[in-house]
Amino acid sequence: MEHIDKVKAIENVYRHNPSVASTLKSAIQRYAEKLAEKHGSNFTVKIMNFCGTHEWTTTHFGIRSLMPKNVELIAGPGCPVCITPSFYVEATLKLASEGITIYTYGDAFKLPAIRAVDGARSLSEAKAGGRSVKVSYSFLDAVKAASADGRESVFLGIGFETTVPSYASLMVAGKIPRNLKFLSALRLTPPAALYAIEHVGNVSGVVLPGHVSTIIGAAPWVPLSERFKIPGVVSGFEPIDLIIAVAEILKQLVNDEAKTVIEYTRAVTWEGNKKAQNLVSQVTQVGEAAWRGLGFIPDSGLYLSEDYAALDALAAYGIREPTKKEWSYDLPRDCRCADITLGRAKPTDCSLFTTRCTPETPWGPCMVSSEGTCAVWARFGGGGLAEEVASEIGED
Amino acid sequence: MCWAVVAKILKVNGDLGLADFGGGASKEIVISTIDDPHEGDFVLVHAGVALSRIREEELLESLRYYKEIKIELAREGGLDPEEVRREVEADIRRWVGSTRAQEMK
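Scoring rules and cut-offs
Residues numbered from 1 in each chain as written. Chains lettered and ligands numbered in written order. Predicted model: local features only at pLDDT ≥ 70, side-chain atom pairs only at ≥ 80, totals over all residues. Heavy atoms only, no water. Pairing = 2+ DSSP bridges. Helix = DSSP H or I, 4+ residues; strand = E, 2+ residues; numbered from the N terminus. Axes fitted to C-alpha atoms, helices over the stretch in contact; angles between N-to-C directions. Contact = heavy atoms within 4.5 Å. Buried area = accessible area lost by both parts, 1.4 Å probe. Salt bridge = Lys/Arg side-chain N within 4 Å of Asp/Glu carboxyl O. Polar contact = N/O pair within 3.5 Å; in protein donor to acceptor, adjacent residues only side chain to side chain. Nonpolar A, V, L, I, M, F, W, Y, C, P; charged D, E, K, R; others polar. Buried < 20%, exposed > 50% of the residue type's maximum accessible area, 1.4 Å probe, protein only. Core = buried A, V, L, I, M, F, W, Y, C linked by side-chain atoms within 4.5 Å. Phe/Tyr/Trp six-rings, centres within 6.5 Å; stacked < 30°, edge-to-face > 60°. Lys NZ or Arg CZ within 6 Å of the ring centre and 35° of its normal.

1. Describing the sheet that holds strand β5 (residues 153–159) of chain A
Residues and elements named next belong to chain A. One open sheet holds the six strands; their spatial order is β4-β3-β5-β6-β11-β10, and the pairing between them is mixed. Here the strands that pair on one side only, and so sit at the sheet edges, are β4 (133–136) and β10 (284–291). Sheet twist, expressed as the average angle between the axes of neighbouring strands with direction ignored, equals 25 degrees. The sheet strands contacting helix α9 (residues 189–200) are β6 (180–187), β10 and β11 (295–304), and the helix crosses β11 at an angle near 175 degrees. Those strands touched by helix α13 (residues 274–283) are β10 and β11, and its axis lies near 75 degrees from that of β10.

This is how it looks when you write it as structure tokens:
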């Protein structure tokens, strides 16, 4: 293979491929009919995803409109920005108000806190108010910028397993300048997936996050299939990947199987990226952690380990995280983000959706990130519009 | 925010490397997260960090599920599954314009 464009051309097979999509749609229809024959016409197959990028693909490419009536694709907890507790935003707003430079990913720039600090509810508002807030494409860029300017700085470290190696690699390499501290709001997906399946109920199958799994491997998902007796497919992010994953889940359900399989074989292995896992385990330790609007989930957070405590922004500035007892509900009034994160409600069920809460002026956290379920639905018309169009062309 | 794209490592410089993202875009990324990175490796990049090596031989492997499903449907519909298998493999060869489909067998 001579050039990157060739790899991308082959990947394109998974993006623009009407004949494969059409065959898989027929297969999905056939499997859905068989499941209706088996379980009755009222039986709905609920398939949950755990990645904002999967929700983006599902909605952007209109995959829901290809589904039979008894197959429902629902978004689970797959967006780290959506579940980052308000406390962390408030902590960074306080630090910004004290003259400390805050580095953040663009995704979290507009993330609103439940309480305003120093007149600002988000880092974007703090920047508008003259505070030093810088948006970074990567942790590496922030490390370079902080090293160059020497200013006292904090990086708001959000993310799931996919993002953690970006922090861990530079910490282990000793590249973090003394003037840059790290605020860990890192969260783990398998404990949240388990929590969501328990709380939403009747989940028949799961589309598992491909990029998280490049790091952790597919093996940590097997207990989910075993415990809930449901198929799980580690899927890629092109539309054909996702339609294959849905077809495979339905096929397993028809055949009374409940296996975890890898569809995203070009990037994911069973054991994952051992080197990245090793870096992560050197700098972090697992602990119980809060999820916005949901409260604490056991073993779902990563905190800096003792060896790297000197980098911890909260310790450095004497800020204490709320304990489980001290935690309080941190979503705005009427915001359904917690239910949407758990797949118990659709964005269109929320009275704030595209009224008070829009991608331009997000009110709740699910409307902030480009991969937040509400933001995706607001941009690409998931739910209402897609369902209406599907109905009009007789595909409901 | 778990978006990732494929890039090719152009140059290795310790923990860092220069990566080609296609279309003329290149950027410095962290490569110490994968084993034994080399120039010419294709990697999946998220937030400026290599997550994993893209396995060329697996690029079309996911279509195996599609092939199995199509053959199963053909069998149910009374068609010749071997003929359908040949058709699918010819399709795959046509899509990628290479003999890579041989790896699907």
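Don't stop here, the text continues.
2. Here's the deal with the interface of chain A and chain B
Listed per partner, the contact involves 67 residues of chain A and 50 residues of chain B. Interface of chain A and chain B: buried area, both sides summed, is about 5,100 Å²; carbon and sulfur atoms make up 63% of it. Taken together, the connections running from chain A to chain B amount to six salt bridges. As a salt-bridge pair, Lys144 of chain A and Glu28 of chain B come within 2.5 Å of each other at their nearest N and O atoms. For the pair chain A and chain B, the number of links is 17 residue pairs in polar contact (both at pLDDT 80 or more). Of the residues that constitute the side of chain A that touches chain B, the class distribution is 34 nonpolar, 16 polar and 17 charged.

3. What about the pattern of salt bridges?
Following the criterion strictly, the structure yields 25 salt bridges over all chains and no others. Glu33 of chain A serves as the salt-bridge partner of Arg30 of chain A, at 3.4 Å between the closest nitrogen and oxygen. In this pair, Arg30 of chain A and Glu33 of chain A are both assigned in helix α2 (residues 18–39), three residues apart and thus about one turn of the helix distant. Classification of Arg30 of chain A as partly exposed rests on a relative accessible area of 29%. With a relative accessible area of 37%, Glu33 of chain A lands in the partly exposed category. With a shortest N-O distance of 3.9 Å, Glu72 of chain B and Lys251 of chain A are connected by a salt bridge. Of this pair, Glu72 of chain B sits in helix α1 (residues 63–76) while Lys251 of chain A sits in helix α12 (residues 239–254), on two different chains.

4. As for the nonpolar core
Ranked by size, the top nonpolar core spans 160 residues in total, and within it Phe139 and Leu250 of chain A carry the most contacts. For this core, the element with the most residues is α12 of chain A, which contributes eleven residues. Excluding its chain neighbours within four sequence positions, the residues that come into contact with Leu250 of chain A are Ile28, Tyr31, Leu35, Val45, Ile47 and Val71 of chain A. Core analysis: the second largest hydrophobic core is formed by ten residues, Ala7, Ile9, Ile29 and Ile34 of chain B among them.

5. What about the pairing of β11 of chain A?
Residues in a regular strand point their side chains to alternate faces of the sheet. Residues and elements named next belong to chain A. Across the ten residues that make up β11, a large majority, seven, are buried. Here β6 runs beside β11; their pairing, made up of two bridges, is antiparallel. Across the sheet, the residue bridging to Leu186 is Leu302, located in β11. The pairing of β10 with β11 spans seven bridges and is classified as antiparallel. Bridging across to β11, Val286 finds its partner in Leu302. As consecutive antiparallel partners, β10 and β11 are separated by three residues, and within that stretch Gly293 has a phi angle of approximately 80 degrees, a positive value.

6. Some thoughts on the packing of aromatic side chains
Residue and element names in this part refer to chain A. Inspection of the entire model under this criterion finds 14 aromatic pairs over all chains. Taken together, a centroid distance of 5.2 Å and an interplanar angle of 80 degrees make the contact between Phe139 and Tyr167 edge-to-face. You can see Phe139 sitting in helix α7 (residues 139–149) and its partner Tyr167 sitting in helix α8 (residues 164–172), a full 28 residues away along the chain. A relative accessible area of 1% means that Tyr167 is categorised as buried. Joined through ring pairs, the aromatic side chains of Tyr105, Phe139, Phe155, Tyr167 and Phe182 make up one cluster. In this structure, Arg266 is placed above the aromatic ring of Tyr14, and the distance from its NZ or CZ to the ring centre is 4.2 Å. When the ring centre of Trp363 is taken as reference, the NZ or CZ atom of Arg356 above it lies at 3.7 Å.

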